[in-house]
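This is what each chain is made of:
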Amino acid sequence: MEATSEEGARLPVDDFRPEEPAVDDLSPPPEVADVFLPATYARGVPYELFARLRREAPVCRVPEPAVGPWKEGPGYWAVFRHADVKHVLRTPGDFSSHLGATQIRDPDIPADLAFVQAMMLNTDPPGHSRLRRIVAAAFTPRAVRALERTIADRAASLFAAGECDFVEVAADLPVWTLAHVMGVPGRDRRLLYDWASRVIGYQDDEYAGLSTADVAKLTPMGRLAVASRPRPSPGANPRSRAALRDMFAYAHALAQAPPDRESVMSAMLRGGLTEAEFENMFFLFAVAGNETLRNGIPGGLLTLLEHPGELARLRRDPSLLGPAVEEMLRFWPPVMDFRRTATRELTLGGRLIRAGEKVVVYHASANRDPSVFPDPDRFDITRTPNDHVSFGFGPHFCLGAHLARVQLRAVFAELLTWDVTLAGEPVRLTSNFQNGLKHLPVRLRRRP
């Protein structure tokens, strides 16, 4: 049996049997609460805990205690095994992206939920299929191939000898590529960086209020956006329409400018989107198309530096770059989890799940499942097959996966021409969603 993504790619499917008898003897360890807490991930992804849960409680309840200004949530079902994760992701009829959206945290008020439900990420087929078709042309292999040389040239210009914060340097390529694809003027690129930081890093004090764009260098519509930015409000949901007023002011101003017919913006304007769909589509690309690589590239480098034997192996044989990138994605998944909502009463992993309950799949755990990945904690740049779920699975398989891979290969092909050493301690992002680094001090020296 095979599943097919909306891009037409054949996807492997396991022999999962969803209707298992419900049982009551799968008691998770008390430290299961750590799975939710953002502070856990500031210390590192809890892979040892994930391994224990895969063995002892592969589907279990996780509490949502209050964190800082954010109120307590109702808790959710966490899913840790690879087969179960893929089953949830490919079965939108049972596990909806739309009912409660796709973040663990519930929107604060019904109006916020109704607004984010217009985002492609938070829709189910057939509505999801319609939205995906509108922008898919910008991400076909042919469209991405047209960008490959330009991306490679950009990657080659990123690095200079000396010390730098690699997180900051590496962020340039995904932001530049995203601005190019969306038709955002170069002077306004830094706004994309700031919006992504605020939305994805809201659990981290350093990122929550980040504002790095030089207002004097922005276009008039960029300055309009900055002037529209709401005052920071502790505890406010960063994904609400009110909190993103400046982003949406920019989106509408950009829509009035003559768009490049090949850009995502042009596709959105031709697609007959409602106002909420348009704003949410801009939001999705401005954030998801940026932050994933902003975390994945530094994470990939740190992984290589922590495995010098594999880095040396890659230097000896650069033809291994393709599988090496896939192993980086498996070993350091930029997105650690996604939420769904059960549409009916059902069983999963032997647990009874009721209609309306949250179900959160852990990509980071699935990528270390020993039933799929032999010796899963070993970083192996020749690993094959490599059925990681870092780009998701099923109808919501990442639309920009091919473009992301092109950028990853471009950056690491260039880095192979440099000697890179750590110049300080890496600093992780405080987030229970993105597997991120805030700082990665390195020293670069061009190889002879």
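So, a few notes on the structure that sits alongside this text.

1. A short note on the packing of aromatic side chains
Next, step 1: On inspection of all chains with the given rule, the structure shows 15 aromatic pairs.
Next, step 2: Judged by centre distance (5.8 Å) and plane angle (10°), the ring pair of Phe159 and Phe166 falls under stacked.
Next, step 3: Judged by its relative accessible area of 0%, Phe166 is buried.
Next, step 4: Members of the aromatic cluster, each reached through a chain of ring pairs, are Tyr47, Phe50, Phe80 and Tyr362.
Next, step 5: If you follow Arg190 out to its NZ or CZ, it ends over the ring of Tyr193, 3.7 Å from the centre.
Next, step 6: If you follow Arg330 out to its NZ or CZ, it ends over the ring of Phe373, 5.3 Å from the centre.

2. Quick word on the side chain of His396
Next, step 1: Position of His396 among the secondary structure elements: in the loop between helix H17 (363–366) and helix H18 (401–415).
Next, step 2: Residue His396 is classed as buried on the basis of its relative accessible area, which comes to 15%.
Next, step 3: Within the structure, His396 has its side chain in polar contact with the side chain of His128 (distance 3.3 Å).
Next, step 4: Contacts of His396, omitting those with residues within four sequence positions, involve Ser97, Met120, Leu121, Thr123, His128, Arg132, Arg340 and Phe391.

3. Some thoughts on the sheet that holds strand S4 (residues 73–79)
Next, step 1: Within the open sheet, the five strands sit side by side as S3-S4-S10-S7-S5. Their pairing is mixed. Every other strand in the sheet has two partners, leaving strand S3 (59–64) and strand S5 (95–96) as the edge strands with one partner each.
Next, step 2: Here five bridges tie strand S7 (residues 337–342) to strand S10 (residues 358–362), and the two strands are oriented antiparallel to one another. Looking at S10, one finds that Phe338 is bridged to Val361.

4. A look at the sheet that holds strand S11 (residues 418–422)
Next, step 1: Spatially, S6-S14-S11 is the arrangement adopted by the three strands of the open sheet, whose pairing is antiparallel. Both outer strands of the open sheet, strand S6 (162–165) and S11, are each paired with one neighbouring strand and no more. Strand-to-strand twist of the sheet, defined as the mean angle between neighbouring strand axes without regard to direction, takes the value 30°.
Next, step 2: Looking at chain direction, S6 and strand S14 (residues 441–446) are connected through four bridges and run antiparallel. Paired with Glu163 across the strands is Arg443, a residue of S14.

5. Here we look at the packing of helix H5 (residues 127–136) against helix H14 (residues 275–306)
Next, step 1: Taken N-terminus to C-terminus, the directions of H5 and H14 make an angle of 60°; their axes are 12 Å apart at the nearest point. One element, H5, and the other, H14, form an angle in the oblique class. The crossing of H5 and H14 is right-handed. Contact residues: H5 offers Arg130, Leu131 and Val135, while H14 offers Glu277, Met281 and Phe285.
Next, step 2: Tallied by class, the residues present in the contact of H5 with H14 amount to four nonpolar, no polar and two charged.

6. Observations concerning the pattern of salt bridges
Pairs can form between side chains of opposite charge once their charged atoms are near each other.
Next, step 1: Inspection of every chain in the model, using the stated rule, returns 30 salt bridges.
Next, step 2: Where Arg241 meets Glu279, a salt bridge forms, and the shortest distance between an N and an O atom there is 2.6 Å. You can see Arg241 sitting in the loop between helix H11 (220–228) and helix H12 (245–256) and its partner Glu279 sitting in helix H14, a full 38 residues away along the chain.
Next, step 3: Look at Arg241 and you get partly exposed, because its relative accessible area is 38%.

7. A look at the environment of Thr303
Next, step 1: The topology assignment puts Thr303 in helix H14.
Next, step 2: Apart from the residues within four sequence positions on either side, Thr303 is in contact with Phe331, Trp332 and Phe379.
Next, step 3: For Thr303, the side chain forms a polar contact with the main-chain oxygen of Gly299, separated by 2.8 Å.

8. Quick look at the pairing of S10
Next, step 1: For S10, a buried count of five out of five residues is recorded, marking the element as mostly surrounded by other parts of the structure.
Next, step 2: Side chains Lys358, Val360 and Tyr362 of S10 all project onto a buried face; the interleaved residues Val359 and Val361 project onto the opposite face, where all are buried too.
Next, step 3: Both S4 and S10 contribute to a ladder of three bridges, which runs parallel. The residue of S10 that forms the bridge with Ala78 is Val360.

Criteria and thresholds
- Residues numbered from 1 in each chain as written.
- Predicted model: local features only at pLDDT ≥ 70, side-chain atom pairs only at ≥ 80, totals over all residues.
- Heavy atoms only, no water.
- Phe/Tyr/Trp six-rings, centres within 6.5 Å; stacked < 30°, edge-to-face > 60°.
- Buried < 20%, exposed > 50% of the residue type's maximum accessible area, 1.4 Å probe, protein only.
- Lys NZ or Arg CZ within 6 Å of the ring centre and 35° of its normal.
- Helix = DSSP H or I, 4+ residues; strand = E, 2+ residues; numbered from the N terminus.
- Polar contact = N/O pair within 3.5 Å; in protein donor to acceptor, adjacent residues only side chain to side chain.
- Contact = heavy atoms within 4.5 Å.
- Pairing = 2+ DSSP bridges.
- Axes fitted to C-alpha atoms, helices over the stretch in contact; angles between N-to-C directions.
- Parallel < 35°, antiparallel > 145°, perpendicular 65-115°, else oblique.
- Left-handed = near helix turned anticlockwise from the far one by under 90°.
- Nonpolar A, V, L, I, M, F, W, Y, C, P; charged D, E, K, R; others polar.
- Salt bridge = Lys/Arg side-chain N within 4 Å of Asp/Glu carboxyl O.

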